[in-house]
Amino acid sequence: MKKIFIDAGHGGADSGAIGNGLKEKDVCLTIALKMRDYLNREYAEQIIKLSRTKDEYLTLKQRTNMANHWGANCFVSIHLNAGRGAGFESYIYNGKFADKRSTNRFRNHVHDEIIVGTKWQDRGKKEANFHVLRESSMTAILTENGFIDHEPDARKLKSDGFLNTLAFAHTKGLALALGLKQRTSKKMHVIQKGETFWNLAIKYQSTVKKLRQLNPDVIPERLQIGTRIRVK
Ligand SMILES: [Zn+2]
């Protein structure tokens, strides 16, 4: 059983960065909650704990203490960037530590899935002396998901569909990094000529909304013959 600790950055009186009508704390929480739901829906044999599930203030020390006491296998901190840039970057601790090589491999899985999933500009795999990376006693990474003060990034971060893709990419990377076991209850369908989410929803007694949630990396308007989609 893998214990995954997801830390939504900031919260409460600490909004994090602000820009284009968005607050970093809100977007981080949305991504973290979506990650929890995707992980629980897609994979078996993991337990998820979030540093916060609502808009509340926590110190950095409270966050790492929580993960350390719980005995998490990994710590994933979700943030947005600011300060004149664009795209995605990720961090691990910049000091010397025993499992740095495996932490890097772990980070590579998550980072690469996010770049592929979001098609964001890749700002690189970076290192920094951040509290949550330094003081957590397990594999720890931090993702900086776009620049809140860069209008094109902010526009994406306002889209629920994009946040689905972003959260799903995080979970896909985590599943690869941790070797999570996929749930077996899912059912796939190969798209035939003329099929849409609408008629598949009828065929499988589902809804278009549910099919969208099950297939966050598929754009329903651009369905192609032969694409495998999940219907259950
Ligand atoms: Zn932040």
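All values reported here derive from a predicted model rather than from experimental measurement.

1. Notes on the overall build of the protein chain
Step number 1: When helices and strands are counted, the protein chain shows eight helices and 12 strands.
Step number 2: The buried share among the 232 residues of the protein chain stands at 37%.
Step number 3: Across the protein chain, contacts joining residues at least 24 apart in sequence account for 79% of those joining residues at least 6 apart.

2. Quick look at the environment of G71
Step number 1: Take G71: it is sitting in the loop between α2 (60–70) and β6 (74–81).
Step number 2: C-alpha of G71 to C-alpha of K2: the two residues are 69 residues apart in sequence and 9.9 Å apart in space.

3. Points about the packing of helix α1 (residues 24–42) against helix α6 (residues 160–178)
Step number 1: At a minimum axis distance of 8 Å, the contact between α1 and α6 shows a crossing angle of 55°. Judged by the angle between their axes, α1 and α6 are oblique. In this structure, α1 crosses over α6, and the sense of that crossing is right-handed. Judged by residue contacts, T30, I31, K34, M35, Y38, L39 and E42 of α1 engage L163, N164, L166, A167, F168, H170 and T171 from α6.

4. With respect to the sheet that holds strand β5 (residues 46–50)
Step number 1: Pairing is mixed in the open sheet, where six strands are placed in the order β5-β1-β6-β9-β7-β8. Single-partner strands in this sheet number two, and they are β5 and β8 (122–128). Strand-to-strand twist of the sheet, defined as the mean angle between neighbouring strand axes without regard to direction, takes the value 20°.

5. Looking at the packing of helix α3 (residues 100–118) against α6
Step number 1: Axis separation between α3 and α6 bottoms out at 8 Å; the angle between their running directions is 150°. On the basis of the axis angle, α3 is roughly antiparallel to α6. Pair α3 / α6 crosses with right-handed handedness. Of the residues in α6, those in contact with F106, H109, V110, D112, E113, I114, G117 and T118 of α3 are T165, L166, F168, A169, H170, K172, G173, L174, L176 and A177.
Step number 2: Class assignment of the residues belonging to the contact of α3 with α6 gives a composition of nine nonpolar, six polar and three charged.

6. What about the UniProt feature "domain: LysM" (unreviewed entry) in the protein chain?
Step number 1: The UniProt record marks residues 187–231 with the feature "domain: LysM" (unreviewed entry), using the residue numbering of this structure.
Step number 2: The span residues 187–231 is 31% helix and 13% strand, and its two end C-alpha atoms sit 6 Å from each other.

7. Remarks on α1
Step number 1: Between its first and last C-alpha, α1 extends 27 Å over 19 residues, near the 27 Å set by a 1.5 Å rise per residue.
Step number 2: Inspection of α1 places E24, K25, V27, C28, L29, I31, A32, K34, M35, Y38 and L39 among the buried residues, and these make up the whole buried set.

8. A closer look at the pairing of strand β7 (residues 88–93)
Step number 1: When you tally the buried positions in β7, you get six out of six residues, the bulk of the element.
Step number 2: By the bridge criterion, six bridges tie β7 to β8 in an arrangement that is parallel. Directly across from F88, in β8, lies its bridge partner D122.
Step number 3: For the crossover from β7 across α3 to β8, the handedness is right-handed.
Step number 4: Bridging between β7 and strand β9 (residues 139–147) involves four bridges; their strand directions are antiparallel. Among the inter-strand pairings, F88 is bridged to a residue of β9, identified as N145.

Here is what the cut-offs are and how they apply
- Residues numbered from 1 in each chain as written.
- Predicted model: local features only at pLDDT ≥ 70, side-chain atom pairs only at ≥ 80, totals over all residues.
- Helix = DSSP H or I, 4+ residues; strand = E, 2+ residues; numbered from the N terminus.
- Buried ≥ 20, exposed ≤ 12 C-beta atoms within 10 Å, placed from the backbone.
- Contact = placed C-beta atoms within 7 Å.
- Axes fitted to C-alpha atoms, helices over the stretch in contact; angles between N-to-C directions.
- Parallel < 35°, antiparallel > 145°, perpendicular 65-115°, else oblique.
- Left-handed = near helix turned anticlockwise from the far one by under 90°.
- Pairing = 2+ DSSP bridges.
- Nonpolar A, V, L, I, M, F, W, Y, C, P; charged D, E, K, R; others polar.
- UniProt positions renumbered as here; feature names shortened; annotations may be inferred.
- Expected span 1.5 Å × (residues − 1).
- Right-handed = clockwise from strand over helix to strand, strands pointing away.

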